[in-house]
Amino acid sequence: MIVNQWVPAAHKGDAIGDSARHVRGLLHELGHASELYALSIDDELTHDVRPFDDPEARRGDLTIFHYALPSPMTSAFGSLGHGRILQYHNVTPASYFAPFDAGLFRLAALGRQELATLVGQADLALGDSEYNRQELESLGFPRTGVFPVAVDTARVTGRAKRPALEEILDDGLVNFLFVGRIAPNKKIEDHIRLAEHYKRYVDAYYRFIFVGRFDVVPRYYAMIRALMAEYRLLNDRFIFTGAVPDEELAVYYRHAAVYTSLSEHEGFCVPLVEAMAADVPVLAYSAAAVPDTLGGAGVQFAPKDLEFAAELLGELAFNDDLRASVIAGQRRRLADFGDARLSRELTSIIRQVS
């Protein structure tokens, strides 16, 4: 059987594209022919991903369409006659972008409108979390299910050496890590407020590290910097790395005392799985799909009381017994994202649609 996948854009390091490539490998292991097609492809992936204008893109027995943004793929997918599997990765609510970027606001609003046009145009609609599945159901998709993002955790568990970076991170400060775009739904301003509480009530020897692009929403990043200045926080205690290669990402995880998520909207949140794979205790605000992904692992809290969160952060950093207990729970949860389980679920999905 031919099981093809469509992604609007194939970027190295992008969670959706990385997941699709991982799923392609699992499909091959299950004995299926499978290719990945994209409208735009990074130069370094041209050997690995096929252009969407290839006629073979529309000739699969089954087609998995990864939806996160509006694109010409949407109408093309709806016009397929059979074997249509929608994989929904969520669209950030437009309201988060309204104060900062009119273009992203319009794009997000259109994204949700365009998703609704696929109601009745998919044989099966999958959310990569129960949170996303419920949104699909609320829109009127009749057949829904859950298939998680396929996370290649090997990229954060590698042992490549980066002596200069490791020397910086081993200077005696306690490293708190966040991985992802600096975007409004991630609530980076709450990380800054958390740092102020932590410094005031817990410990002065800290460092917050943000790994990910900070040029996506420039006005939002400027607001973050202004808030740091308002609190008179030391700039050298906050590192904004921009995009980094996998080898450096693994170093940041390896030297993190705690992974911190204060996001208010996540459709899945791949870094939570990466942190669990790297044995970094997770402290997360319990919102949107975060409880689905953690499944009871890590330390989750709500409502968003940042003074309380600062205390939790200190406990996770310095209480060895608590750390060991949390890491053990995360290892158990991590097994749910293993290839064996994903392959079983893929087999079930294919049987439902074929």
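Placed above this text is the structure.
Here is a short report on the structure shown in this document.

What counts, and where the lines are drawn
- Residues numbered from 1 in each chain as written.
- Predicted model: local features only at pLDDT ≥ 70, side-chain atom pairs only at ≥ 80, totals over all residues.
- Heavy atoms only, no water.
- Helix = DSSP H or I, 4+ residues; strand = E, 2+ residues; numbered from the N terminus.
- Buried < 20%, exposed > 50% of the residue type's maximum accessible area, 1.4 Å probe, protein only.
- Contact = heavy atoms within 4.5 Å.
- Areas by Shrake-Rupley, 256 points an atom, 1.4 Å probe, with all protein chains shown as cover.
- Axes fitted to C-alpha atoms, helices over the stretch in contact; angles between N-to-C directions.
- Parallel < 35°, antiparallel > 145°, perpendicular 65-115°, else oblique.
- Core = buried A, V, L, I, M, F, W, Y, C linked by side-chain atoms within 4.5 Å.
- Left-handed = near helix turned anticlockwise from the far one by under 90°.
- Pairing = 2+ DSSP bridges.
- Patch = residues over 30% accessible without salt bridge, like charges linked within 9 Å, V, L, I, M, F, W, Y side chains within 5 Å.
- Salt bridge = Lys/Arg side-chain N within 4 Å of Asp/Glu carboxyl O.
- Lys, Arg positive; Asp, Glu negative; His and termini not counted.
- Charge placed at Lys NZ, Arg CZ, Asp CG, Glu CD.
- Expected span 1.5 Å × (residues − 1).
- Arc of directions from axis to C-beta.
- Phe/Tyr/Trp six-rings, centres within 6.5 Å; stacked < 30°, edge-to-face > 60°.
- Lys NZ or Arg CZ within 6 Å of the ring centre and 35° of its normal.

## Details of the overall build of the chain
- Along the backbone of the chain there are 14 helices and 13 strands.
- With the C-alpha coordinates of the chain rotated into their principal frame, the extents come out at 60 × 40 × 35 Å.
- The 354 residues of the chain split such that 54% are buried.
- Long-range contacts, defined here as pairs at least 24 residues apart, represent 69% of the contacts in the chain between residues at least 6 apart.
- Total accessible area on the chain is roughly 15,000 Å²; 50% of this is exposed by carbon and sulfur atoms.

## Quick look at the packing of helix H1 (residues 15-29) against helix H14 (residues 339-353)
- With their axes 10 Å apart at the nearest point, H1 and H14 run at an angle of 75° to one another. In terms of orientation, H1 lies roughly perpendicular with respect to H14. For the pair H1 and H14, contact is made by His22, Val23, Leu26 and Leu27 and by Asp339, Leu342, Ser343, Leu346 and Ile350, respectively.

## Overview of the nonpolar core
- Grouped together as the largest cluster of nonpolar side chains are 92 residues, with contacts concentrated most on Trp6, Leu86, Phe176, Phe238, Tyr253 and Tyr259.
- A per-element tally of this core places helix H12 (residues 306-318) first, with seven residues.
- If near-sequence neighbours (up to four positions away) are discounted, leucine 86 is found in contact with Phe65, Tyr67, Phe77, Leu115, Leu118, Ala122, Leu124, Ala125, Leu126, Leu136 and Phe141.

## Side note on the side chain of threonine 293
- Mapped onto the secondary structure, threonine 293 falls in helix H11 (residues 290-294).
- Given the relative accessible area of 1%, threonine 293 is considered buried.
- When sequence neighbours within four positions are dropped, the list of residues in contact with threonine 293 reads Phe268, Cys269, Leu272, Val273, Met276, Arg333 and Phe337.

## What about the packing of helix H10 (residues 270-277) against helix H13 (residues 320-334)?
- With their axes 9 Å apart at the nearest point, H10 and H13 run at an angle of 115° to one another. As for the relative orientation of H10 and H13, their crossing is left-handed in sense. Contact residues: H10 offers Val273, Ala275, Met276 and Ala277, while H13 offers Gln330, Arg333 and Leu334.

## Comments concerning the sheet that holds strand E5 (residues 84-88)
- Read across the sheet, seven strands follow the order E3-E2-E1-E4-E5-E6-E7 without closing on themselves; strand pairing throughout is parallel. Both edges of this open sheet fall to strand E3 (50-51) and strand E7 (144-146), since each of them pairs with a single strand only.
- For E5 and strand E6 (residues 124-127), the ladder comprises four bridges, and the chain directions are parallel. Directly across from leucine 86, in E6, lies its bridge partner alanine 125.
- On the sheet, helix H4 (residues 130-139) packs against E5, E6 and E7 and is oriented at approximately 170° with respect to E7.

## A few points about a nonpolar patch on the surface
- Taken together, the side chains of Tyr201, Val202 and Phe318 present a nonpolar region at the surface, about 300 Å² in accessible area.
- Relative to the helices and strands, valine 202 is located in the loop between helix H7 (188-201) and strand E9 (206-211).
- The class for valine 202 is partly exposed, based on a relative accessible area of 33%.

## Notes on a negative patch on the surface
- Together, Asp305, Glu307, Glu311 and Glu315 line one region of the surface with negative charge.
- Examined against the element boundaries, glutamate 315 turns out to sit in helix H12.
- Overall, the relative accessible area of 39% leaves glutamate 315 in the partly exposed class.

## What about the pattern of salt bridges?
- One pass over the structure, following the stated rule, counts 25 salt bridges.
- We note a salt bridge from aspartate 48 to arginine 24, for which the minimum N-O separation is 2.7 Å. Of this pair, aspartate 48 sits in the loop between strand E2 (36-41) and E3 while arginine 24 is found in helix H1, placing the two residues 24 residues apart along the sequence.
- Residue class for aspartate 48 comes out partly exposed when judged on its relative accessible area of 23%.
- We classify arginine 24 as buried; its relative accessible area is 10%.

## Topic: helix H3 (residues 102-116)
- Helix length check: H3 (15 residues) gives 22 Å between terminal C-alpha atoms against 21 Å at 1.5 Å per residue, within 8%.
- Within H3 the residues assigned to the buried category are Ala108, Gly111, Glu114 and Leu115. The buried residues of H3 occupy one face: seen down the axis, they fall within an arc of 130°. In H3, the exposed residues that point more than 90 degrees away from the buried face are Arg106 and Gln113.

## Concerning the packing of aromatic side chains
- Inspection of every chain in the model, using the stated rule, returns 20 aromatic pairs.
- With 4.8 Å between their ring centres and 25° between their planes, phenylalanine 214 and tyrosine 221 make a pair best called stacked.
- On the basis of relative accessible area, phenylalanine 214 is assigned to the partly exposed category, the value being 28%.
- Above the face of the phenylalanine 52 ring, arginine 58 is positioned so that its terminal group lies 4.3 Å from the ring centre.
- The ring centre of tyrosine 206 lies 5.4 Å from the NZ or CZ of arginine 237, which sits over that ring.

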